Amino acid sequence: MAVLTAGGMLERREYQQNPPRHEYSVTRKGQSIWPVLITMWSWEKQWAPNETQPLPPLRHSTCGNDFTPILRCKECGEDVDVRSLDSQMGPSGDFSRSVPEATSRRRSTKSERRPEILAHTMELVGNRWSAAIIGAAFRGARRYGEFAEITGAPPAIVADRLKHLTEIGVMETRPLPDRPQWSEYRLTAKGTAYFPVVMCMISWGQRWFRSADGPDIVLHHKACGKRFEARLGCSVCGEELRSSDIEAVDLTTSVHVPGSGWS
């Protein structure tokens with residue numbers, strides 16, 4: 001709670017003085033993260049299902065159907081994927097701002113307790129080096145040296161993260177055409193399907209963590225030529241999604257995702 005409050009996601013209010021009692025409410029910043037959460041939820045349910053604790057489906061109350069969120073361009077409303085966008089590093093774009101300061105040690109993933117839900121998602125966003133490697137892959141990195149150059153990570157960390165991401169099925173190795181004894185790393189279908197999560201994270205981050213130098217990454221939608229900002233649509237009815245219209249449903253109850261849309 002303290003971390004979320006310090007990060008501006010929650011607001012702490014005292015409602016009783018003797019003895020002191022506090023309550024927590026979600027801020028606008030916290031509410032607006034819902035697109036990231038539902039894209040994570042949908043990706044995990046499809047690509048890394050947990051058989052012991054399966055995630056309930058997402059339901060769009062507007063049309064009454066279970067759905068998956070579809071990534072769209074805010075300006076023209078078209079569906080987009082990784083091939084639909086042009087990306088350039090912006091004035092504040094620098095991987096050194098997004099990766100750990102300590103580069104001489106690696107944490108052992110074997111000793112860490114694996115989260116019970118969204119386990120593979122946490123593997124990607126919970127480890128900042130993994131997130132940096134995934135970001136480099138979406139920027140077109142294929143070879144070991146390209147990942148090292150883009151992320152600035154030490155060789156041992158690059159090798160460790162590439163190996164781990166391959167083990168969980170997010171990346172795969174392919175022999176190089178000119179050097180069959182060497183391999184390159186490519187995103188699998190599972191890894192490519194994580195793209196909406198990344199785009200929603202970028203949109204949320206650029207809204208709430210603006211740099212005085214300018215954006216860290218500049219995205220343009222090739223089809224309409226406009227600056228890209230993520231929006232989500234319902235895979236069934238096509239309507240734009242709002243947080244107040246989304247439920248996580250199981251056989252006994254339904255839970256509304258908190259928030260009030262993109263505003």
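Residues numbered from 1 in each chain as written. Predicted model: local features only at pLDDT ≥ 70, side-chain atom pairs only at ≥ 80, totals over all residues. Heavy atoms only, no water.

## Focus: the nonpolar core
- Counting residues in each nonpolar core, the largest one holds 49 residues, and the members touching the most others are Leu71, Leu124, Phe147, Met171, Met199, Phe228 and Leu241.
- Considering every element that reaches this core, the biggest residue donor is helix 9 (residues 195–208), with seven residues. (Core = buried A, V, L, I, M, F, W, Y, C linked by side-chain atoms within 4.5 Å. Buried < 20%, exposed > 50% of the residue type's maximum accessible area, 1.4 Å probe, protein only. Helix = DSSP H or I, 4+ residues; strand = E, 2+ residues; numbered from the N terminus.)

## Section: unusual backbone geometry
- Between Asn18 and the following residue, Pro19, the backbone shows a cis peptide bond with an omega angle of -5°.
- Checked against the element boundaries, Pro19 lands in the loop between strand 1 (10–16) and strand 2 (21–26).

## Section: the pairing of strand 10 (residues 230–234)
- With respect to burial, strand 10 is a largely interior element, five of its five residues being buried.
- Burial along strand 10 is two-sided: Ala230, Leu232 and Cys234 and Arg231 and Gly233, pointing in opposite directions, are all buried.
- As judged from the five bridges shared by strand 5 (residues 69–73) and strand 10, these two strands associate in the antiparallel manner. Looking at the pairing, Leu71 lines up with Leu232 of strand 10. (Pairing = 2+ DSSP bridges.)

## Structural notes on the packing of helix 3 (residues 34–47) against helix 9
- Following both chains from N to C, one finds helix 3 and helix 9 inclined at 170°, their axes separated by 9 Å at the closest point. If you check the angle between helix 3 and helix 9, you find them roughly antiparallel. In this structure, helix 3 contributes Pro35, Val36, Thr39, Met40 and Trp43 to the contact, and helix 9 contributes Pro196, Val197, Cys200, Met201 and Trp204.
- Here the residues of the contact of helix 3 with helix 9 are counted per class, giving nine nonpolar, one polar and no charged. (Axes fitted to C-alpha atoms, helices over the stretch in contact; angles between N-to-C directions. Parallel < 35°, antiparallel > 145°, perpendicular 65-115°, else oblique. Contact = heavy atoms within 4.5 Å. Nonpolar A, V, L, I, M, F, W, Y, C, P; charged D, E, K, R; others polar.)

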